[in-house]
Amino acid sequence: MDDALLRLESVSKHFGGLKAVDSVSFTMKRGEILGLLGPNGAGKTTCFNLVSGVYTPTSGRIFFEGRSTGGLPPHRMSALGVGRTFQVVKPFSSLSVLANVTVALGLRRYGGLFSSFARFDTPEVRSEAMRLLEEVGIADLAHVKSGKLPLGNQRRLELARALALRPRLLLLDETFSGLRHEETEMLSKLVREVRDGGISVLLIEHNMKVAMGLSDRLVVLDHGRLLAEGSPRTVRADPRVIEAYLGKGDASDAS
Amino acid sequence: MGEYTITILIFIAIQAIVSCGLNVIVGYAGQISLGHAAFFGIGAYASALLTTRAGLTFWAALPLVVLITASIGMVLGMPSLRLREDFLAVTTIGINFIVESVFLYVPFFGGALGIGGIPSVYLFGTRLKGVLFLYMCLAFLAATLAISWRFTRSWAGLACFALREEETAASSAGVSPVRFKLTAFVIGTAMAGLGGALYAHQMRFISATDFGFPLSIMMMSMVVLGGIGTLWGPVLGALILGALPEIFRPLVDYRMLLNAAVLLMMIRFQPEGLLGEGGLLRRILPGRGGEGRG
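Residues numbered from 1 in each chain as written. Chains lettered and ligands numbered in written order. Predicted model: local features only at pLDDT ≥ 70, side-chain atom pairs only at ≥ 80, totals over all residues.

With respect to the overall build of chain B
Line of reasoning, step 1. Of the regular secondary structure elements, chain B holds 13 helices and two strands.
Line of reasoning, step 2. Expected size for 294 residues packed as a compact globule is a radius of gyration near 19 Å; at 18 Å, chain B falls within 12% of this value.
Line of reasoning, step 3. Seen through its C-alpha atoms, chain B measures out along the principal axes to roughly 50 × 40 × 35 Å.
Line of reasoning, step 4. Of all 294 residues assigned to chain B, the portion counted as buried reaches 55%.
Line of reasoning, step 5. Residue pairs at least 24 apart in sequence account for 74% of intrachain contacts in chain B once pairs closer than 6 positions are excluded. (Helix = DSSP H or I, 4+ residues; strand = E, 2+ residues; numbered from the N terminus. Rg over C-alpha atoms; globule rule 2.2 N^0.38 Å. Buried ≥ 20, exposed ≤ 12 C-beta atoms within 10 Å, placed from the backbone. Contact = placed C-beta atoms within 7 Å.)

See below:
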């Protein structure tokens, strides 16, 4: 097994004629926070859906911990150690916050016939779920219906739910969008703690300040293709990246 | 209790059992099924055939009946893996019509004449009829409720709730949609099979038209009326829709109209059912219902 946690080899995903992701290759190291950037429609979320198993690549290969995983369904990817959040939050709305996290704690029990019919409402499971809620700071909301939470807390809940899987790779899809400044600070700190705890983080982020501040390395996509890769400093100075975000410095583009 | 009242109560108990099964599929796992009467029928025909042709007793046949119905339920539950909501609803209606036609046109199932001469149920040499048969049905209803309740406290039940709420998020949290949708279909149709067996031995004569699409709608109405996804909702629904036409005799001829009116009123005023979130009876009876919804 090599040092790479995640490796994409010329991965493409086409929807009819649209090349949402077009022959993208990059590698992610263990213990790294890697930022995935790009303008709207660049293919970032499609990339996430490929890595987490929601989509099967049209072509190319994806390796997680040295194992080819392209085409495995999401529940298999979560068992292999990939946790994720969603750009548009997807809480189990009518279930309590506590139950939401408990669902993910069941990961090791859903496989067996007997273990899947064991009771989930045991004190051990409850305290494990509470510990995760405390970690993201919403323990006091444990018994509230998750659909009733404001967006910021739903994002924290999704993070707790992903962490409950004890993943080795965490995919954060715009977890910071729509959050207040203090919430962003709090979550940034949490993401660093998560990484220090041994979980590698791949994140999509529109807030440049957050993305630059958090990431060890950046990968920039544009129109489904890899545009640039490197440290935040080099990527920020890359003229191609500036052009993709701001357009060419040409008067005819001003409209 | 008069003989007539007992008969009505037996039918209510049987329909409550079958509706509990539908509730597992629709209420817990969120998979629309408008063909539940088909599985009720499969259970009835399986028990009728095993006791009349194979010569088994009711008790020897019962485990086989449940097994047969649940196996067919698993196979016919497979459309739920690819279809969502309205498409699944239409497909399950189709399944109901196909199963009914098979019973009606395949000579093995007695054709239009149905199957008669289904033996009575004996327990320790005593023939269970009238109030004794009612007690047996109530015991099975209690067992069905116990299984339903236990299911809502199991990892499998929790997995089903997650699938009902958000399938993509559930699968990303480790829940296999295939496995747990089919689990719900197996448990739900097994309960329908049990109800079917009880029905066959109460009627002692069955025919295909007993298990048509209108009955599926009736069962769905019971679940919706009582409170979809609650433990006691299907029982309450079966009780109300089973008893109303008996209490108001002139309504018997307008049964379907009554059901439709009740359903529309529920959707308008009590979308979660009488025992569901914000339901009329939920407020009167604190701590009742709502299982699997909170």
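Don't stop here, the text continues.
Re the interface of chain B and chain A
Line of reasoning, step 1. Between chain B and chain A, the contact holds 21 residues from the first and 32 residues from the second.
Line of reasoning, step 2. Sorting the residues of the side of chain B that touches chain A by element identifies helix H7 (155–165) and helix H8 (167–172) of chain B as the ones contributing at least two each.
Line of reasoning, step 3. Broken down by element, the residue count for the side of chain B that touches chain A peaks at seven residues, all from H7 of chain B.
Line of reasoning, step 4. Split by residue class, the side of chain B that touches chain A holds ten nonpolar, seven polar and four charged. (Nonpolar A, V, L, I, M, F, W, Y, C, P; charged D, E, K, R; others polar.)

Digging into the confidence of the model for chain A
Line of reasoning, step 1. On average, residues of chain A carry a pLDDT of 89, and 96% of them reach 70 or more.
Line of reasoning, step 2. For residues 251–255 of chain A, every residue scores under 50 in pLDDT, and the model assigns this stretch two contacts once sequence neighbours within four places are set aside. (pLDDT = per-residue confidence, 0-100.)

Quick look at helix H6 (residues 151–163) of chain A
Residues and elements named next belong to chain A.
Line of reasoning, step 1. The end-to-end C-alpha distance of H6, which contains 13 residues, comes to 18 Å, matching closely the 18 Å that a straight helix rising 1.5 Å per residue would cover.
Line of reasoning, step 2. With eleven of 13 residues buried, H6 is to be regarded as a mostly interior element.
Line of reasoning, step 3. Inspection of H6 places Asn153, Gln154, Arg155, Arg156, Leu157, Glu158, Leu159, Ala160, Arg161, Ala162 and Leu163 among the buried residues, and these make up the whole buried set.
Line of reasoning, step 4. Tucked into the core, H6 has its buried residues touching strand S6 (82–84), helix H3 (97–105), helix H5 (123–136), strand S7 (169–173) and helix H7 (181–196). (Expected span 1.5 Å × (residues − 1).)

Some words on the sheet that holds S6 of chain A
Residue and element names in this part refer to chain A.
Line of reasoning, step 1. The mixed open sheet is built from six strands, whose spatial order is S6-S7-S8-S3-S9-S10. Each edge of the sheet is formed by a strand with only one pairing partner; in this case those strands are S6 and strand S10 (225–230). Pairwise comparison of adjacent strand axes, ignoring direction, gives a mean angle of 20 degrees for this sheet.
Line of reasoning, step 2. Here S7 pairs with strand S8 (residues 200–204) via five bridges, running parallel. Each bridged residue has a counterpart across the sheet, and for Leu169 the counterpart in S8 is Ser200. (Pairing = 2+ DSSP bridges. Axes fitted to C-alpha atoms, helices over the stretch in contact; angles between N-to-C directions.)

Observations concerning the nonpolar core
Line of reasoning, step 1. If you look at the biggest cluster of nonpolar residues, it comprises 167 residues, and the most contacted ones within it are Ala13, Ile17, Ala159 and Ala162 of chain B.
Line of reasoning, step 2. At 14 residues, the largest contribution of residues to this core is made by helix H1 (residues 3–28) of chain B.
Line of reasoning, step 3. What Ala162 of chain B contacts, discounting residues up to four positions off in sequence, is Phe92 and Val103 of chain A together with Ala170, Ala173 and Val175 of chain B. (Core = buried A, V, L, I, M, F, W, Y, C linked by C-beta atoms within 7 Å.)

Brief notes about H7 of chain B
Residues separated by three or four positions in an α-helix point in the same direction, a consequence of the helix having 3.6 residues per turn.
Line of reasoning, step 1. For H7 of chain B, a buried count of eleven out of eleven residues is recorded, marking the element as mostly surrounded by other parts of the structure.
Line of reasoning, step 2. Trp155, Ala156, Gly157, Leu158, Ala159, Cys160, Phe161, Ala162, Leu163, Arg164 and Glu165 of chain B are the residues of H7 of chain B that are buried.
Line of reasoning, step 3. In the core, the buried residues of H7 of chain B are packed alongside H3 and helix H4 (113–116) of chain A together with H1, helix H6 (131–152), H8 and helix H9 (177–203) of chain B.

Digging into the pairing of strand S3 (residues 33–37) of chain A
Residues and elements named next belong to chain A.
Line of reasoning, step 1. Burial of S3 is extensive: five of the five residues sit out of reach of the surface.
Line of reasoning, step 2. Where burial is concerned, the two faces of S3 agree: the one with Ile33, Gly35 and Leu37 and the one with Leu34 and Leu36 are both buried.
Line of reasoning, step 3. Here S3 runs beside S8; their pairing, made up of four bridges, is parallel. Counterpart to Ile33 in the pairing with S8 is Val201.
Line of reasoning, step 4. Looking at chain direction, S3 and strand S9 (residues 217–222) are connected through four bridges and run parallel. When the bridges of S9 are listed, Leu36 appears paired with Val219.

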